[in-house]
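# Inside the fold
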Amino acid sequence: MGSTAPYIRASLDVPSQDGENLARLEEKRPVDADIALRNNVTVMREVAARLAERYCCAA
């Protein structure tokens, strides 16, 4: 990566939580939407912290 890269992009692919789509597929949400959102936020914060530590750009 090197010090010339100004940004690191991290993304998280998660299953759809769209109620209409799940109803059409006759599936239920695996977890409540608010719990899924909190978990996703936690994962992305951990990713950001580890990347910042690894590439020595932690504040």
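Before reading further, recall that the structure is shown in the block above.
Everything quoted here is computed from the prediction, not taken from an experiment.

## Observations concerning the overall build of the chain
In terms of regular secondary structure, the chain is built from two helices and zero strands. Residues classed as buried in the chain amount to 7% of the 59 residues present. Working note: accessible area of the chain is about 5500 Å², and carbon and sulfur atoms make up 52% of it.

## A word on helix 2 (residues 33–54)
Here helix 2 spans 31 Å end to end across 22 residues, near enough to the 32 Å set by a 1.5 Å rise per residue. Looking at the residues trailing helix 2, positive phi occurs at Cys56, about 55 degrees.

## Considering the environment of Ser11
Along the chain, Ser11 falls in the segment before helix 1 (19–24). Using a relative accessible area of 65% as the deciding quantity, one classes Ser11 as exposed.

## Some thoughts on a nonpolar patch on the surface
On the surface, Leu12, Val14 and Val43 cluster together to form a nonpolar patch covering roughly 210 Å² of accessible area. Looking at the secondary structure, you find Val43 in helix 2.

About the criteria used
- Residues numbered from 1 in each chain as written.
- Predicted model: local features only at pLDDT ≥ 70, side-chain atom pairs only at ≥ 80, totals over all residues.
- Heavy atoms only, no water.
- Helix = DSSP H or I, 4+ residues; strand = E, 2+ residues; numbered from the N terminus.
- Buried < 20%, exposed > 50% of the residue type's maximum accessible area, 1.4 Å probe, protein only.
- Areas by Shrake-Rupley, 256 points an atom, 1.4 Å probe, with all protein chains shown as cover.
- Expected span 1.5 Å × (residues − 1).
- Patch = residues over 30% accessible without salt bridge, like charges linked within 9 Å, V, L, I, M, F, W, Y side chains within 5 Å.
- Salt bridge = Lys/Arg side-chain N within 4 Å of Asp/Glu carboxyl O.

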